[in-house]
Amino acid sequence: MLRSKAFSLLKPIPLMSGQSNLAYEFIHPAIASHGHCCHRRSVDYRQRYKTHPSSAGGRTISAPQTKVMAEEELPGVLILDIGGTHGVLENLAALLKKHFRLITMKEFLQNKKEMSKKIQSIFVFECRPTIDRELLESLPNLKVIGNSGVGVNHLDLKMISSFGVKVTNTPHAVADPTADIGMALMLASARRLVEGCQIAVSPDTKYFAVDWLGVEVTRATLGIIGMGSIGYRVAQRARAFDMRILYHNRNRRRKEEEEAVGAHYCEKMEDLLQQSDFVMLVVNLTPETHKLIGKKELGLMKPTATLINISRGAVIDQDALVEALQNKVIRAAALDVTYPEPLPRDHPLLKLNNIIITPHIGTATVQAIRMMAEEAITNMLAVLNGQPIPSEVFPK
């Protein structure tokens, strides 16, 4: 909800001739500066898929170039809605309209007989619409589900695959902003920024206590659990702080990659937990990683350590985390994800002062949201054209 409200306040930045209109600016001062093979269609969607610098200093993914066609000729894409609390952001809907005929869930339900034949793809934004068996059975021409975001734990991949439908995600767009939020949470927790802000603005504050102390990130030991593209980018950033970097991953990185960021591999996660001042979780949510960090793992951590989670809430046993924070088993926690989201307002995690919780904003940047939509569009059009799919997700 927070993200939807924030991005409803976006407006395009006027650009000079030749610039890619991928950068948007906030206009509200409070938030300023956040399988089956398809037949080849008669319509040829020429694709261009490359990463290049954007006018905002980030990365952009060029959207596929589509011939100008009447809306009726475009392939249908199902979305939950446009705007509102849960719908696709309006600027992203405009981007989708260049390549697809947009069909909202309401329109689909009102005229299933006609719309079911037109829908060849589904654009999943913020885990919506819900993909269940009933929906898949009602879409005989569906070929691809384009997920905006890298995590697909909300999709039943095996069930979807049984319908001959492909699933894609957007890993290229999420790595940098998610790594950024991981570093932001680590720094904010270490220096107790949330508490400090509250003290500084409180009407009851008459002086600043001299014994109100945080801890330093510089030269501390960071343990990264999950050294994929996001985890590796976290390591790149951490190196600038002269941090000692440990990592645990299913597969060890190449020696050159380790040396480039000064990372040391821990075959056993327990070794990483025992040595780290900060432990950052950057794993996909799978049956193997569900409650990966529980009472035992928290007990192995230093009493001065901080746990940071930028993956999925269910990777941590939250009951065990509450107990560990209450009993000072670990110093603090910083979470961009919880389970569920948002937490019930009476959840004990919300009552602790040694925790920071943000509303799953790892990819909530103007650039990332735009890039994810572009990457999803590229993936979906590749499937519809029978071309190589840049980011296909396969059921395990």
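As a reminder, the structure under discussion sits directly above these lines.
What you are looking at is a predicted structure, and each value in this text was computed from that prediction instead of being measured. Within every chain, residues take consecutive numbers counted from 1 along the sequence as written. For this predicted model, a pLDDT threshold of at least 70 governs which residues receive local features, and a threshold of 80 or more governs which side-chain atom pairs are given and counted, while totals over whole chains, interfaces and linings are taken from all residues. The side-chain values count all of the structure's non-hydrogen atoms but skip hydrogen atoms and water molecules.

A. Structural context of the sheet that holds strand 12 (residues 263–265). Reading across the sheet, the seven strands line up as 12-11-10-13-14-15-16 and stay open at both edges, with parallel pairing between neighbours. Edge positions in the open sheet fall to strand 12 and strand 16 (355–357), since each of these has one partner strand only. Averaged over all pairs of adjacent strands, the angle between strand axes in this sheet comes to 20 degrees, irrespective of strand direction. Here five bridges tie strand 10 (residues 221–225) to strand 11 (residues 244–248), and the two strands are oriented parallel to one another. In the strand pairing of strand 11, Leu222 is matched with Ile245. Strand pairing follows a simple DSSP-based rule, namely that at least 2 bridges must link the two strands. Numbering of helices and strands starts at the N terminus; helices are DSSP runs of H or I of at least 4 residues and strands are runs of E of at least 2. For every element, the axis is a line fit to its C-alpha atoms; helices are fit only across the contacting stretch, and the angle between N-to-C directions ranges from 0 to 180 degrees.

B. Representation of the pairing of strand 5 (residues 76–79) within the structure. Each residue is placed in one exposure class: buried if its accessible area under a 1.4 Å probe, protein chains only, is under 20% of its type's maximum, exposed if it is over 50%, and partly exposed if it falls in between. What you see with strand 5 is no split at all: Gly76 and Leu78 on one side and Val77 and Ile79 on the other are buried throughout. The pairing of strand 5 with strand 6 (residues 101–104) spans four bridges and is parallel. Note that in strand 6 the partner of Ile79 across the bridge is Thr104. For the handedness criterion, the strands are oriented away from the viewer, and a crossover whose path from the first strand over the helix to the second runs clockwise is classed as right-handed. One crossover worth recording links strand 5 to the parallel strand 6 by way of helix 2 (residues 90–97), and it is right-handed. Pairing geometry for strand 5 and strand 7 (residues 119–124), over three bridges, is parallel. When the sheet's bridge partners are listed, Leu78 is paired in strand 7 with Ile122.

C. Helix 9 (residues 229–239), seen in detail. Along helix 9, the residues that are buried comprise Ile230, Gly231, Tyr232, Val234, Ala235 and Ala238. Throughout, a contact is declared for two residues whenever any of their heavy atoms are within 4.5 Å. Against the buried residues of helix 9 lie helix 7 (171–190), strand 10, strand 11, helix 10 (255–261) and strand 13 (278–281).

D. Focus on the side chain of Asn249. Tracing the backbone shows Asn249 in the loop between strand 11 and helix 10. The buried category is assigned to Asn249, whose relative accessible area is 19%. Within the local environment of Asn249, its side chain forms a polar contact with the backbone oxygen of Asn251, the two atoms lying 2.9 Å apart. Beyond its immediate sequence surroundings of up to four residues, Asn249 is in contact with Gly226, Met227, Gly228 and Tyr265. Counting of polar contacts relies on pairs of N or O atoms within 3.5 Å, with two restrictions inside protein: one atom must be capable of donating a hydrogen and the other of accepting it, and residues adjacent in sequence are counted only when both atoms are side-chain atoms.

E. Fine view of the packing of helix 7 against helix 9. Where helix 7 meets helix 9, the axes come as close as 8 Å, and the angle between the chain directions of the two elements is 50 degrees. One element, helix 7, and the other, helix 9, form an angle in the oblique class. The handedness of the crossing between helix 7 and helix 9 comes out as right-handed. Residue-level inspection shows Val174, Ala175, Asp176, Thr178, Ala179, Asp180 and Met183 of helix 7 in contact with helix 9, the latter providing Ser229, Ile230, Arg233, Val234, Arg237 and Ala238. All amino acids are sorted into three groups, where Ala, Val, Leu, Ile, Met, Phe, Trp, Tyr, Cys and Pro are nonpolar, Asp, Glu, Lys and Arg are charged, and the leftover types, Gly among them, are polar. Along the lines of polarity and charge, the residues of the contact of helix 7 with helix 9 split into seven nonpolar, two polar and four charged. Working definition: roughly parallel below 35 degrees, roughly antiparallel above 145 degrees, roughly perpendicular at 65 to 115 degrees, and oblique for all remaining angles. In this scheme, a crossing is called left-handed if the near helix is turned counterclockwise away from the far one by less than a right angle; it is called right-handed if the turn is clockwise.

F. Just the pairing of strand 8 (residues 144–147), in detail. What you see with strand 8 is no split at all: Val144 and Gly146 on one side and Ile145 and Asn147 on the other are buried throughout. Here strand 7 pairs with strand 8 via four bridges, running parallel. Bridge assignment links Phe123 to a residue of strand 8, and that residue is Gly146. Here strand 8 pairs with strand 9 (residues 166–168) via three bridges, running parallel. Bridge assignment links Val144 to a residue of strand 9, and that residue is Lys166. In this fold, strand 8 hands off to helix 6 (residues 157–162), which returns the chain to strand 9; that crossover is right-handed.

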